[in-house]
Amino acid sequence: MNYRELVRNCLSDNVQEIMPWDLVVRMEQDPDLFILDVREPYEFDALHIKGSINVPRGILEAACEWDYEDTVPELVNARNRDIVVVCRSGHRSVLAVHTMQLLGYQHAISLRTGLRGWNDYEEPLWNSAGVMVDTAEADNYFTVKLRSDQKAPKFRKDSGD
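Here's a quick rundown of the structure. Numbering of residues starts from 1 in each chain and follows the order in which that chain's sequence is written. Reporting of local features is limited, given that this is a predicted model, to residues whose pLDDT is at least 70; pairs of side-chain atoms are given and counted only at 80 or more, and all residues count toward the totals for whole chains, interfaces and linings. No hydrogens and no water enter the side-chain calculation; it runs on all heavy atoms of the structure.

### Remarks on the pairing of strand β2 (residues 34-37)
Point 1. Where burial is concerned, the two faces of β2 agree: the one with F34 and L36 and the one with I35 and D37 are both buried.
Point 2. The criterion for strand pairing is that DSSP finds at least two bridges linking the strands in question. Runs of H or I in DSSP of at least four residues are treated as helices and runs of E of at least two as strands, each being numbered from the N terminus. Both β2 and strand β4 (residues 83-86) contribute to a ladder of 4 bridges, which runs parallel. In the sheet register, I35 faces β4, and the bridge partner there is V84.
Point 3. Sheet topology note: the β2/strand β3 (residues 53-54) ladder contains 2 bridges and is parallel. Of the residues in β3, the one forming a bridge with D37 is N54.
Point 4. Note on handedness: a clockwise path from strand one over the helix to strand two, with the strands aimed away from the viewer, defines a right-handed crossover. On the question of chirality, the crossover connecting β2 to the parallel β3 by way of helix α3 (residues 41-46) is right-handed. Any residue under 20% of the maximum accessible area for its type is buried, any over 50% is exposed, and the rest in between are partly exposed; the area is computed with a 1.4 Å probe on protein chains only.

Structure below.
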């Protein structure tokens, strides 16, 4: 199994998704909608949806429960609230929602296409200084920048592989 298959399996296991334009409507209907950003803090600082809270996926399980150093009381108290989980592309958020469902969060859904799709839909993103991030700057941020050592090896036809 690979990463994309893992995400697909979680989607087939009842993880629901919401599109960016539907999230806009939900946020208008419920200004207090709980938006959980599961990216790393440096990603959140660069750009995020205004009013969202940041809990990196790496500490999510402990953040969802009382009595841990990583406990986030606002998140623990949101167990029965509607929660929209966001990340860069919509993959980490699917995995996070799956985990949250296992922990009893039955009203958590993932933002399909992630913040990349949110930006494509030209919805505002903010940095940690409270300044709106320009759409073009966000486009640059979301552009995939793989190093050569991060790319899958290519097999040469003459190598017998």
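### A word on the sheet that holds β2
Point 1. One open sheet holds the 5 strands; their spatial order is β1-β5-β4-β2-β3, and the pairing between them is parallel. Looking along the sheet, the strands with just one partner apiece sit at the ends: β1 (17-18) and β3.
Point 2. Where β4 meets strand β5 (residues 108-111), 3 bridges bridge the pair, whose relative direction is parallel. Its bridge partner being in β5, V84 is matched across the sheet by I109.
Point 3. Relative to β5, helix α6 (residues 92-102) is tilted by about 175°, and along the sheet it contacts β1, β2, β4 and β5. Pairs of residues are marked as contacts when any of their non-hydrogen atoms sit within 4.5 Å. Helix axes use the C-alpha atoms of the stretch in contact, all axes being lines fitted to C-alpha atoms, and the angles between their N-to-C directions lie in the range 0 to 180 degrees.

### Considerations on a negative patch on the surface
Point 1. A surface patch of negative charge is lined by D120, E122, D134, E137 and D139.
Point 2. Examined against the element boundaries, D120 turns out to sit in helix α7 (residues 114-120). Each patch is built from residues that are more than 30% exposed by relative accessible area and take part in no salt bridge. Like charges join if they lie within 9 Å; nonpolar side chains (Val, Leu, Ile, Met, Phe, Trp, Tyr) join within 5 Å. Computed with a 1.4 Å probe, the accessible areas rest on the Shrake-Rupley method; for each residue, only the protein chains presented here act as cover. What makes a salt bridge here is a side-chain nitrogen of Lys or Arg within 4 Å of a carboxyl oxygen of Asp or Glu, nothing more. Here the positive residues are Lys and Arg and the negative ones are Asp and Glu; neither His nor the chain ends is included. The atom standing in for a charge is NZ when the residue is Lys, CZ when it is Arg, CG when it is Asp and CD when it is Glu.

### Quick look at the packing of helix α1 (residues 3-12) against α6
Point 1. Where α1 meets α6, the closest approach of the two axes is 9 Å, and the angle between their N-to-C directions is 45°. Taken as axis vectors, α1 and α6 run oblique relative to one another. Note that α1 runs across α6; the crossing there is left-handed. Only R92, V94, L95 and H98 of α6 make contact with α1, whose side of the interface consists of Y3, L6, V7, C10 and L11.
Point 2. Each residue gets one label: Ala, Val, Leu, Ile, Met, Phe, Trp, Tyr, Cys and Pro are nonpolar, Asp, Glu, Lys and Arg are charged, and the others, such as Gly, are polar. Class assignment for the residues of the contact of α1 with α6 results in 7 nonpolar, 1 polar and 1 charged. Throughout, the term roughly parallel applies to angles under 35 degrees, roughly antiparallel to angles over 145, roughly perpendicular to angles from 65 to 115, and oblique to all others. In this scheme the handedness of a crossing depends on how the near helix is turned from the far one: anticlockwise by less than a right angle means left-handed, clockwise means right-handed.

Coordinates in, geometry out; function isn't part of it.
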